[in-house]
Amino acid sequence: MTRVAITRGISATINDCELTHVPRTPIGVALAREQHAAYESALASLGCEIRRIPADDRYPDAVFIEDTAIVLDEIAVITRPGAESRRGELDAVAAVLGEYRPLARIEAPATIDGGDVLQLDDVLYVGRTLRTTDEGIAQLRELIAPDGYRVVAVDVDGCLHLKSAVTRVGADALLINRRWLSPSVFDGWRIINVDDAEPAAANALLLEQGVIVPEEFPRTRRKLEAEGIEVIAVPAGELAKAEGGVTCCSLIVKQG
Ligand code: CIR
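Residues numbered from 1 in each chain as written. Predicted model: local features only at pLDDT ≥ 70, side-chain atom pairs only at ≥ 80, totals over all residues. Heavy atoms only, no water.

Participant: Can you help me understand the pairing of strand 1 (residues 2-8) in this one?
Facilitator: Side chains on a regular strand alternate between the two faces of the sheet. Counted residue by residue, strand 1 has six buried out of seven residues, so it is predominantly covered. In the sheet, strand 1 pairs with strand 15 (residues 251-255) via five bridges, with the strands oriented antiparallel. Directly across from R3, in strand 15, lies its bridge partner K254. Chirality of the crossover, the property in question, places the unit of strand 1, helix 1 (residues 29-45) and strand 2 (residues 48-53) among those that are right-handed. (Buried < 20%, exposed > 50% of the residue type's maximum accessible area, 1.4 Å probe, protein only. Helix = DSSP H or I, 4+ residues; strand = E, 2+ residues; numbered from the N terminus. Pairing = 2+ DSSP bridges. Right-handed = clockwise from strand over helix to strand, strands pointing away.)

Participant: I'm lost on the side chain of S250 in this one. Help?
Facilitator: Structurally, S250 can be placed in the loop between helix 6 (237-240) and strand 15. At 2.7 Å, the side chain of S250 forms a polar contact with the side chain of Y39. Beyond its immediate stretch of four places on either side in the chain, S250 contacts I6, T7, Y39, L43, I65, E66 and L205. (Polar contact = N/O pair within 3.5 Å; in protein donor to acceptor, adjacent residues only side chain to side chain. Contact = heavy atoms within 4.5 Å.)

Participant: Even after reading the chapter, I still don't get the site of the ligand, so can you show me in this structure?
Facilitator: Taken together, 14 residues are adjacent to the ligand, and E18, D61, E66, R131 and A242 come closest. Between the ligand and the protein, one listed contact pairs a nitrogen atom with a side-chain N or O atom of E66 at 2.7 Å. Take H161: an N or O atom from its side chain is 3.0 Å from an oxygen atom of the ligand. About the coverage of the ligand: the protein hides 98% of its 350 Å² of free accessible area. (Near = heavy atom within 4 Å. Areas by Shrake-Rupley, 256 points an atom, 1.4 Å probe, with all protein chains shown as cover.)

Participant: Sorry, what's going on with the sheet that holds strand 15 here?
Facilitator: Across a sheet, paired strands are connected by hydrogen bonds in the backbone, their directions being either parallel or antiparallel. Read from one edge of the open sheet, three strands run 2-1-15, paired in mixed fashion. Since the sheet does not close on itself, it has two edges, and those belong to strand 2 and strand 15, each with one partner. Averaged over all pairs of adjacent strands, the angle between their axes in this sheet comes to 25 degrees, without regard to strand direction. Two strands pair when backbone bridges link them, and strand 1 and strand 2 are joined in this way by six bridges, in the parallel orientation. (Axes fitted to C-alpha atoms, helices over the stretch in contact; angles between N-to-C directions.)

Participant: Any chance you could explain the state of the cysteines here in plain terms?
Facilitator: As enumerated under the stated definition, the model contains zero disulfides in all. C159 forms no disulfide, and the closest cysteine sulfur to it belongs to C248, at a distance of 11 Å. (Disulfide = S-S within 2.5 Å.)

Participant: Help me understand the pattern of salt bridges, please; the structure alone is not making it clear to me.
Facilitator: A side chain with one charge may pair with a side chain of the opposite charge, provided their charged atoms come close. Throughout the structure, instances matching the rule amount to 16 salt bridges. The salt bridge partner of R190 is E227, with a shortest N-O separation of 2.7 Å. Of this pair, R190 sits in strand 11 (residues 190-193) while E227 sits in the loop between helix 5 (218-226) and strand 14 (231-234), and the two are 37 residues apart along the sequence. Overall, the relative accessible area of 30% leaves R190 in the partly exposed class. Between K241 and E238 there is a salt bridge, and its shortest N-O distance comes to 2.8 Å. With relative accessibility at 26%, the residue K241 sits in the partly exposed group. (Salt bridge = Lys/Arg side-chain N within 4 Å of Asp/Glu carboxyl O.)

Participant: Would you mind going over the nonpolar core with me for this structure?
Facilitator: The tendency in soluble globular proteins is for nonpolar side chains to be buried as a group. Ranked by size, the top nonpolar core spans 24 residues in total, and within it I14, Y39, L43, I212 and L239 carry the most contacts. Of all the secondary-structure elements, those providing two or more residues to this core are helix 1 and strand 12 (205-207). Ranked by the residues each element gives to this core, the list is headed by helix 1, at five residues. (Core = buried A, V, L, I, M, F, W, Y, C linked by side-chain atoms within 4.5 Å.)

Participant: Looking at this model, I keep getting lost on the sheet that holds strand 6 (residues 117-120). Mind explaining?
Facilitator: Ordered in space as 6-7-8, the three strands form an open sheet in which the pairing is mixed. On the outer flanks of this sheet lie strand 6 and strand 8 (150-155), each paired with one strand and no other. Averaged over all neighbouring strand pairs, the angle between strand axes comes to 25 degrees, with direction disregarded. With six bridges joining them, strand 7 (residues 123-128) and strand 8 adopt parallel strand pairing. Note that in strand 8 the partner of Y125 across the bridge is V152. Relative to strand 7, helix 3 (residues 134-144) is tilted by about 165 degrees, and along the sheet it contacts strand 6, strand 7 and strand 8.

Participant: Please clarify how the environment of V166 should be interpreted in this entry.
Facilitator: Along the polypeptide, V166 turns up in strand 9 (residues 166-168). The class for V166 is buried, based on a relative accessible area of 0%. As for V166 and I192, which are separated by 26 residues in sequence, their C-alpha atoms are 9.7 Å apart. With near-sequence residues (within four places) excluded, V166 lies in contact with L118, L174, L175, I176, L181, F186 and A202.

Participant: What is the right way to look at the environment of V213 in this model?
Facilitator: Along the polypeptide, V213 turns up in strand 13 (residues 210-214). Beyond its immediate chain neighbours, meaning those up to four positions away, V213 contacts A204, R221, L224, V231, I232, A233, V234 and V246.

Just geometry here; none of it tells us what the structure is for.
So this is what it looks like as structure tokens:
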């Protein structure tokens, strides 16, 4: 199976990004772009073909392309992001995704951010957050039920998105920050806790050949390695200032 990683360039305006739980500090655009390129190289080294949509300076957060769509094997759902400033990001993404999948859309007034959606096989866990409404969750449920997917709403507290608090890091393993989310809903999964000193470390990106993690969280990385998980660390500190992590910067499309 091949995978296309759709990414998006970093807007020159990224310093105007949305921020919810992180204090505003200056983001070096050139350094952020360097780190983003390293992220794309990591994706390529794990077997992805990179398809980069150009930056669009009208949308400071456009690099965080994950929030604009939910890509399944059968369909892609174009979201309606909770932050109004981000809604203009959708058209360029839909134009590209439409080449790979039939498209469905979340309609107003519902909102949902892709960062709130964690797919574990045929179950999609969706965070109830400031960005994702119950109506957004209900619309997603209806759109994907015909393809056999179930949607489970999950309460998240203290972070931006569900995937800030939990991501999949192996066939049976989840990486979690328990302060932001109760693991009780994930009964039967092997739970790996982030290191207490690294609360933002739960956002990791699983691909067939390994897991991409931020270089800034060495303690959690060692925990993953101790569990036999193959990791590849990338510098992600500059985009973390915009409250973004490693899942946020790509949409992974399986092919074949
Ligand atoms: C935002 O607040 O929308 C952006 N500054 C960060 C989005 C990060 N996206 C993600 O975690 N999926």
